Amino acid sequence: MEQRKLTKEDLDKVRNIEGFPAGTDEDIINLSQAPFYTACPNPFLEEFIKEYGTAYDEVTDQYHRDPFSDDIEENKHDLIYNIHGYHTKVPPKAIQTYIRHYTKPGDVVFDGFSGSGMTGVAAQLCGDGYDSDGARNAIICDLSSYATFISSNYNTPNSGNVITELEGIIDDIEAKYGEYYQTAHVVDGKVQTGFNGMPIMGSINYVVWSNVYYCPHCGAEINYYNVMIQNGVKSTEKMVKCPNCHAVTDRTKLDIKFKVAYDDALGETSKTPEHAPVLINYTVGTTRYNKAPDADDIRKIEEIERKPLKEHPTNMMIHGDETERLFRVGITHVKQLYTSRTLFFLSEFYDRFKDDNKKLFLFTSALPKLTILNRFMPEHGSRALVGPRAGTYYLPNLFVENDVIGQLRFQLKKLGNLSYKKGHVYVSTQSTTDLSNIPANSIDYCFIDPPFGANIMYSELNFVAESWLHITTDNKEEAIINKAQKKKVVEYQALMTKCFSEIYRILKPARWVTIEFHNSKNAIWTAIQESLGVAGFVIADVRVLNKEKKTINQFTAAGCVDQDLIISAYKPKDSFKRTFLKNAGTEETVWAFVREHLGNIQPVIVKNGKIEMIAERQPQLLFDRMVAYHIMQGIPVPMDASDFYRGLDEHFLKRDNMYFLPDQVNVYDSARIVNDVENSQFSLFVTNEKTAIAWLYQQLSESFCGPQTYAELQPKFMQEVKAVDKFEVMPELQTLLDENFLKDNTNHWYVPDVTKEGDVAKLREKNLWREFEGYMSSKGKLKLFRSEAIRIGFSRLWKEKNYKSIVDIAERLPEQTIQEDANLLMYYDISLGRI
C-alpha cells in the first residue's frame, strides 16, 4: 500500500476504540505515517488483513504445530536491538525463532503489547539471512504512543539521505553553540595555553552535579559531593556527617535546599531542588581529564540559563506511583528533569527534528541519558556513569549532565543499522482490550510480552518522552497494578482477561499464542493462567527463557516465579468446541478434551541424548487442565480424580507415566530405543501439600529412585521442605504416604498402579472432604487449613452447583491463598458471578 494522509474522518472511525491517546487531532495526524503507522487506533488494519492475510476455513485447514519446546538464548547485543532503548525488550532473533516455528512465509503475526516493536522486526528478519525462509507480515500495537512511535521507526527503513541530513544538523548546532560544551584545560591547578597564548580548550563529556542540603541540627549547608565523595565515602552510603557540627544524619532526613525562580514558559515561580556543578570530565586530543568547575564554566552555565528556549514541554508530570517521588521534592513539570544547558540544546535540536519521524527517532533515543536521573557512582571507577535506575524516577544525590551533541552523535552511529525491509508491518496505538479494528479468525500467530502486575509503570515512565511527541497514553485500560490508578490484582486480572479474549477472537483456531512472563509474585502468575483460561486458551507448555527446563510445580510454588518463562497456549478448533458443548454433562467431554490436548503436545523431547519428561502428559496435570477447561466453559465436571486416573489407561497409551495418542506413541517408542529417559531430579521446591505429593511421586517413580522406606525418604523430605505458607497445614510425611501411596511387605512405599490408584484417590478424597466439612461447620476466618482439602471441597461443591458455599468459604480464607492458587481462584471467580 502507498503512504496516505490520515484524515479527521479516519480518526472518527476509531475514536471510540479503547486506548485512543490524549492529544489533538492535528498532533496525531502529524505524527502518523498512514497506513503503516498511526498514533491512534489504526483504521486500516482490516484492509491490511484483506491484502496480506488468508481466510480461515476449518474444512480445508491443515495447520498443526506442536508447542515450541527448545530453550531460547537471549542475545541483547544485537545491533538492531540496541538502536533505541525501552523498559522491556525481547531480542528479535529470539522472537524470530518462534515465528518461524509457528508460521509460514506470508502469514500474519500479531503483538498487542509491542513495546519497541521487536515482533515486527522479527517478522521481517524471517526474510533475511542465509537461512531465511521468507518474511512474515505483522500487526503490532501498544497503548503507549511512545512505544508505537519507536515501533514504527524500527519497522521502516532509513531513507537514503537521512543519516547525512542528521549529521549536518548536528554539525550546524555544534558550530553555533559548541562553546558551551568547552572548558579550559587545567593541569595542577593551572590553565594550559597553546602557542598563541590562548587557553587550550577541551570538549566536555559530562558534568557531575551534586545535591545541596541543610543540616537539620545546625542549619549548615551540605554539598553532598564535597562531604561524601571527596572524603572517600561511597555514593550509596546512607549516613552523612555534617562538616560543621559533626552530627551524623540519615541522608533521607537532610533538609533539601531549594532554588526558587520564576519560569517564563510556565508563567509561575517554581521551587526545585538546588544542584551544584562539582566535576567536569573533558577531552583534549584523545585523553580524558577531570577538573573542578572554574569561574568561566559557571559563567557559561549562567549565560545559557538566560537564553530563550525554543519549543519544549511545559506540561506538568502526571500523578502516579512512580512520579510521586518527583512531586515530593518539588519537581512538578517535565522540563525540570533537565539542566538548563541540556534543555536549551534539546529545544534547538527539537526545532530541527520535529517534522521528520526518523529525526525525532534519533532525538528520543538520546533522551534517557540526558535527564537528572542519570547516576554518578565514582566507586565504580571507569564505569561511574551508571545511567538512570531502570523502571523508576529515582533521583540520585549525584547526577550526570551528558553532552547532548555527543549523545546524539553516539546514537546516530546505531541508526545506520536500520536497513532491512522484507515484510509488511502495520503499527497501531490502542489498547489490546479492544481490537475491534481487526477481524475475527484472521491472525496466524501471536507473540506477546505483556506488563506483569506492578513490575513497570509504563504510562508514567513514558510520559516524559511522550510530552515531546505531544501525544500521551490514556492509561484507563493499562493492565498494571497501581495505587494511583486504583488497580489491584483483581483489576489487573480483569484487564488481562479482556486482552486475552480479544487475542483469542482474532486468532485463527488451532493457532498459538506465546507469552513471555517475568514476575516474582505467584498472584500474578495465577492471574495470567486464569485470564488465559477464561479467554478460552489452553496452556500446553511452560519453559524458562535461556535456562533449563523446569516443572510446572516450580512455577506455581511460592517464591519460585523469578525467571522469564515462555508460555505456549493454543486456541481449540471450533468443531471441538461445538462437540464439547453438545456433550456437556457426559463423560465424553473429559476424553474429548484429553484427546484434543494430547494432540497439541509434542510426543517427545530429546536433549543431549535424553528424553525429557513432559509435565503436560502426566496424569495430575492432565486432570487439572481438564477440570479448568470444563469450569471455564461453564459446564459440570463429570468425574472425579479417581475415575479420571483409571479412565486414562482405558482410553490412552501410557509410557513412563505419560499418556499418548496412538499415532504419537510410535514416535515416542522409536525415540526411546536410541535415547535414555531423563531421570535426573527436577529441582522442586516443597512449599505446600500439593508440591510435597509431586515430590514424593518423583522420588518413588521407577524412572527415579523407585520404592523407598520411610527412613530413606524422611531426611531427603526434610531437606526439600522450604518455607511453608503461614496459613498452610503441612501434613506429616507419614500422613502424605498413607493418603497417596501404597506399601509393600518389605515396608517400601511405592506409586500405586492405575487400578489401585483409583481406590487410593477415593480414600484420600473422602478424608479430605471430611476435613473440609469441618471448615464449613466452623465460623470466622480460617487461620490454618489444608489447601488440598479446600480444593477437594470446592470441586464437590461445584458439582453440586453450590456456588454460594464456595464463595462463603473463599471469603473466609486469606486473600493470598485464593489469589495464588489458580484452581481455587477459578472456582471462586466463576461462582461469584452465579450467586
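Rules of the game
Residues numbered from 1 in each chain as written. Predicted model: local features only at pLDDT ≥ 70, side-chain atom pairs only at ≥ 80, totals over all residues. Heavy atoms only, no water. Salt bridge = Lys/Arg side-chain N within 4 Å of Asp/Glu carboxyl O. Helix = DSSP H or I, 4+ residues; strand = E, 2+ residues; numbered from the N terminus. Buried < 20%, exposed > 50% of the residue type's maximum accessible area, 1.4 Å probe, protein only. Expected span 1.5 Å × (residues − 1). Pairing = 2+ DSSP bridges. Polar contact = N/O pair within 3.5 Å; in protein donor to acceptor, adjacent residues only side chain to side chain. Contact = heavy atoms within 4.5 Å. Axes fitted to C-alpha atoms, helices over the stretch in contact; angles between N-to-C directions. Parallel < 35°, antiparallel > 145°, perpendicular 65-115°, else oblique. Left-handed = near helix turned anticlockwise from the far one by under 90°. Nonpolar A, V, L, I, M, F, W, Y, C, P; charged D, E, K, R; others polar. Phe/Tyr/Trp six-rings, centres within 6.5 Å; stacked < 30°, edge-to-face > 60°. Lys NZ or Arg CZ within 6 Å of the ring centre and 35° of its normal.

Chemist: Where do I start with the pattern of salt bridges in this structure?
Modeler: When charged atoms on two side chains of opposite charge get close, those side chains can pair. What the rule picks out here adds up to 45 salt bridges. Its salt-bridge partner being K259, residue E305 comes within 3.6 Å of it at the nearest N-O pair. With a gap of 46 residues between them, E305 in helix α9 (residues 295-305) and K259 in strand β12 (residues 258-263) connect regions that are remote in the sequence. In this structure E305 comes out as partly exposed when scored by relative accessible area, which is 37%. Between E612 and K607 there is a salt bridge whose closest N-O contact spans 3.9 Å. Judged by its relative accessible area of 12%, E612 is buried. It is possible to trace a salt-bridge network through shared partners that takes in D624, E689, E739, R764, E771, R786, E788, R791 and D821.

Chemist: What's the story with helix α16 (residues 489-506) in this structure? I'm lost.
Modeler: Owing to its 3.6 residues per turn, the α-helix brings residues three or four apart onto one side. Between the first and last C-alpha of α16 there are 26 Å, a value that for 18 residues agrees with the 26 Å anticipated at 1.5 Å per step. Listed in full, the buried residues belonging to α16 are V489, Y492, Q493, L495, M496, T497, C499, F500, E502, I503, Y504 and I506.

Chemist: Which parts of the structure should I look at to understand the pairing of strand β15 (residues 287-291)?
Modeler: The side chains of a regular strand alternate between both faces of the sheet. As defined by bridge partners, strand β14 (residues 275-284) adjoins β15 across 5 bridges and the pair is classed as antiparallel. Across the sheet, V284 pairs through a bridge with T287, a residue of β15. Count of turn residues in the β14/β15 antiparallel hairpin: 2 residues, of which G285 carries a positive phi of about 70°.

Chemist: Explanation requested: unusual backbone geometry in the structure shown.
Modeler: Of note, the amide linkage connecting A34 to P35 takes the cis form, showing an omega dihedral of 0°. Summarising the element assignment, P35 is placed in the loop between α2 (25-31) and β1 (37-38). Phi angles above zero are rare outside glycine, and H246 is one such case at about 65°. Structurally, H246 can be placed in the loop between β9 (239-241) and β10 (248-250). Positive phi is not limited to glycine here, since D656 has a value of about 50°.

Chemist: What am I meant to see in the side chain of T514 here?
Modeler: Mapped onto the elements of the fold, T514 is located in strand β21 (residues 512-517). Side chain to side chain, T514 and Y445 meet in a polar contact 2.7 Å long. Not counting chain neighbours up to four residues away, the residues in contact with T514 comprise Y98, Y102, Y445, C446, F447, I448, I566 and I567.

Chemist: What am I meant to see in the environment of P378 here?
Modeler: Mapped onto the fold, P378 is located in the loop between β16 (375-376) and β17 (385-387). When the C-alpha positions of P378 and G232 are compared, they lie 9.6 Å apart, and in sequence the two are 146 residues distant. Ignoring anything within four residues of it in the chain, the contact list for P378 reads I229, S235 and A384.

Chemist: Got a minute to help me understand the packing of helix α21 (residues 619-632) against helix α31 (residues 822-832) in this structure?
Modeler: For any two helices packed against each other, the geometry is given by the interaxial angle and the distance between the axes. The geometry of α21 relative to α31 is characterised by a closest axis approach of 11 Å and an angle of 15° between their N-to-C directions. The angle between α21 and α31 falls in the class roughly parallel. Viewed along their axes, α21 and α31 form a crossing whose handedness is left-handed. Contacts from D624, V627, A628, I631 and M632 of α21 reach α31 at N823, M826, Y827 and I830. Grouping the amino acids of the contact of α21 with α31 by side-chain chemistry returns 7 nonpolar, 1 polar and 1 charged.

Chemist: Teacher, can you tell me more about the sheet that holds strand β25 (residues 610-611) here?
Modeler: Strand pairing in a sheet is mediated by backbone hydrogen bonds. Such pairs are either parallel or antiparallel. The 3 strands are arranged β24-β25-β28 in an open sheet whose pairing can be described as mixed. Of all strands in the sheet, those with a lone pairing partner are β24 (606-607) and β28 (676-677), marking the two edges. Of the strand pairs in this sheet, β25 and β28 are connected by 2 bridges, and their pairing is parallel. Residue I611 lies in a different strand from β28, and its bridge partner there is V677.

Chemist: Please clarify how the packing of aromatic side chains should be interpreted in this entry.
Modeler: One pair of aromatic rings is described through two measures. These are the centre distance and the angle between the planes. In this structure the tally under the stated criterion is 46 aromatic pairs. Arranged with centres 5.8 Å apart and planes meeting at 75°, the rings of Y154 and F361 form a pair that is edge-to-face. Of this pair, Y154 sits in helix α6 (residues 145-154) while F361 sits in helix α12 (residues 357-366), placing them 207 residues apart in sequence. Residue class for Y154 comes out buried when judged on its relative accessible area of 0%. Taking the relative accessible area as the measure of exposure, F361 reaches 1% and is therefore buried. When the ring centre of Y394 is taken as origin, the NZ or CZ atom of R389, which lies over that ring, is 3.9 Å away.

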